[in-house]
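# What the coordinates show
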Amino acid sequence: MFFTKLHKKNPFIKNISMAVILSLLLLPLSGCAVIKSATKANSKITRTGFAFDTVISITLYGTEDESVLDGCMELAEKYENLFSATIEGSDIWNINHSDGNSVSVDRETIELLQTALYYAELSQGAFDPALGTVIDLWDYNSEDPTVPEETDIESALEHIDYTDIQLDTDTLEVTLSDPELLVNLGAIAKGYIADRMRDYISSQNVSSAIINLGGNVYALGSKPDGSDFTVGVQKPFDSTGSAITSLSISDSSVVTSGPYERYFEQDGVIYHHILDPATGYPSDSGLLSVTILSTDSVDGDALSTTCFVLGEEKGLELIESLPDIEALFITSDYELVYTSGFPR
Ligand code: ADP
Ligand code: MG
């Protein structure tokens, strides 16, 4: 492990602070409090909540229509009830409890599984939507997380082959050819949901918004004054949560994956939540974070996790081969490495 000893902190607190910092950085420069008499063009409304195990926050500009924020929160609930691996009766829960029988699911679940399998194939398994058995051993959310037994990891690794997830796009059925396999979409679902919120907000005639799902950020349009939004990239492991750099974006997604988002420490070693399917242990690729800039957040979410596992060299090679997607890698020396087309 390349990580040195760090203070143990509550991962939940870290997620909140990250979300708060992001939202502060996202404030427009003119960001004063909304006053009742503000004209509609200058108005701004925000809703913050908790979903997908993290803090989410939606800000709409140029509208006072709270019902659009209600709609966003309803979407968060709808998708959590489809994609969560832990909510009983969700599509993913049903698949994971199917004993090898075919399960009927929502069209959108098939759609997201298709995208997840595409990235599994593209990354040759570095991104693995079938990693559930291993993920469940690493219980970062428990009071006192510990490193799993090696024998348990070995057994779990026998059931992580994503080619065992069979999709029937006509009948909308999913079948696991390995009944012990557990699907987990935690590394891609927030990106998909951010994209659906963007589509919904646009359909409600709101043209300027920031969707922040636990650091998975989508900027719809630009700020009301026409300038780009500013999104901060967090300095990894910085206890004050300061930004190491910031990006100016409009109509784009910015997603960062890093070990500092969720981790625990045991015997001086940091164990984080981005796992290497080749070993069953936290990925030790020599990176502190990967940030992906893309048009759709689903791609950014999948690729930030993927590139973190692949490491700098293979990750850069992958992103350079994909049109319209750029990346920023932060190395263990806090060096910033950009892809060739990264806007700077
Ligand atoms: P976060 O959702 O915390 O922002 P990521 O998008 O990087 O971060 O997803 C990490 C989550 O995805 C982990 O908490 C775990 O549930 C799952 N996961 C971990 N490693 C992998 C992997 N190699 N492939 C697919 N999913 C993974
Ligand atoms: Mg991800």
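The structure this text deals with has already been given above.
Reference entry: report on the structure contained in this document. This one's a predicted model, so the numbers in the text were calculated from it and none came from an experiment.

### Some details on a negative patch on the surface
On the surface, a cluster of negative charge is contributed by E312, E313, E317, D333 and E335. Looking at the element boundaries, E335 is found in the loop between β14 (326-331) and β15 (336-338). Classification of E335 as partly exposed rests on a relative accessible area of 47%.

### Quick word on the pattern of salt bridges
According to the stated counting rule, one finds seven salt bridges in the structure shown. Note that R198 and D199 form a salt bridge whose closest N and O atoms lie 3.0 Å from each other. The network of salt bridges with common partners includes D195, R196, R198, D199 and D296.

### Focus on the coordination of the magnesium ion (ligand 2)
The protein atoms that coordinate the magnesium ion (ligand 2) are A187 (O), D301 (O), D301 (OD) and T305 (OG1), at distances of 2.0 to 2.4 Å. As a motif over one chain, the donors of the magnesium ion (ligand 2) read A-x113-D-x3-T. Of the two residues, A187 is situated in the loop between β5 (173-176) and α7 (189-203) and D301 in helix α8 (residues 297-310); the sequence distance between them amounts to 114 residues. The exposure class of D301 is buried, given its relative accessible area of 6%.

### Comments concerning the side chain of T291
With respect to the helices and strands, T291 occurs in strand β13 (residues 287-294). Within the local environment of T291, its side chain forms a polar contact with the side chain of T256, the two groups lying 2.8 Å apart. Residues in contact with T291, not counting those within four places in the same chain, are V233, L247, V254, V255, T256, E326, A327 and L328.

### What about the sheet that holds strand β10 (residues 252-257)?
One open sheet holds the eight strands; their spatial order is β1-β2-β6-β7-β10-β13-β14-β15, and the pairing between them is antiparallel. The open sheet has two edge strands, β1 (44-51) and β15, and neither has a second partner. For this sheet, the mean inter-axis angle between neighbouring strands, taken without regard to orientation, is 15 degrees. Sheet topology places strand β2 (residues 54-61) next to strand β6 (residues 209-213); five bridges connect them, and they run antiparallel. When the bridges of β6 are listed, L60 appears paired with A209. Lying over the sheet, helix α2 (residues 66-83) contacts β1 and β2, oriented at roughly 20 degrees with respect to β1. Taken strand by strand, helix α9 (residues 312-320) contacts β13, β14 and β15, and its axis lies near 170 degrees from that of β14.

### Side note on helix α4 (residues 107-122)
For α4, with 16 residues, the first-to-last C-alpha span of 23 Å sits near the 22 Å given by 1.5 Å per residue. Within α4 the residues assigned to the buried category are E108, T109, I110, L112, L113, A116, L117, Y119 and A120. Where α4 is buried, its residues contact α2, α3 (91-96), β4 (165-168), β5, α7 and α8. Between the side-chain oxygen of the N-cap and the backbone nitrogen of E108 there are 2.9 Å, and the N-cap of α4 in question is D106.

### Brief notes about the site of ligand 1
Inspection of the region around ligand 1 gives 18 residues, with A126, K190, S257, L275 and T305 positioned closest. Here a nitrogen atom of ligand 1 sits 2.9 Å away from a polar atom, N or O, in the main chain of D128. At a separation of 3.1 Å, an oxygen atom of ligand 1 approaches a polar side-chain atom of H273. Surface burial for ligand 1 is 91%, taken as the share of its 560 Å² of free accessible area covered by protein chains. A breakdown of the residues in the shell around ligand 1 according to their chemical character gives nine nonpolar, five polar and four charged.

### Things to note about the environment of V337
The residue V337 is located in strand β15 in this model. Taking the C-alpha atoms as reference points, V337 and E312, separated by 25 residues in sequence, lie 8.4 Å from one another. For V337, the contacting residues outside a window of four places in its chain are E312, L316, A327, L328, F329 and T331.

Calculation rules
- Residues numbered from 1 in each chain as written.
- Chains lettered and ligands numbered in written order.
- Predicted model: local features only at pLDDT ≥ 70, side-chain atom pairs only at ≥ 80, totals over all residues.
- Heavy atoms only, no water.
- Patch = residues over 30% accessible without salt bridge, like charges linked within 9 Å, V, L, I, M, F, W, Y side chains within 5 Å.
- Areas by Shrake-Rupley, 256 points an atom, 1.4 Å probe, with all protein chains shown as cover.
- Salt bridge = Lys/Arg side-chain N within 4 Å of Asp/Glu carboxyl O.
- Lys, Arg positive; Asp, Glu negative; His and termini not counted.
- Charge placed at Lys NZ, Arg CZ, Asp CG, Glu CD.
- Helix = DSSP H or I, 4+ residues; strand = E, 2+ residues; numbered from the N terminus.
- Buried < 20%, exposed > 50% of the residue type's maximum accessible area, 1.4 Å probe, protein only.
- Donors = N, O, S within 2.8 Å, 3.2 Å for Na, K, Ca; no water.
- Polar contact = N/O pair within 3.5 Å; in protein donor to acceptor, adjacent residues only side chain to side chain.
- Contact = heavy atoms within 4.5 Å.
- Pairing = 2+ DSSP bridges.
- Axes fitted to C-alpha atoms, helices over the stretch in contact; angles between N-to-C directions.
- Expected span 1.5 Å × (residues − 1).
- Near = heavy atom within 4 Å.
- Nonpolar A, V, L, I, M, F, W, Y, C, P; charged D, E, K, R; others polar.

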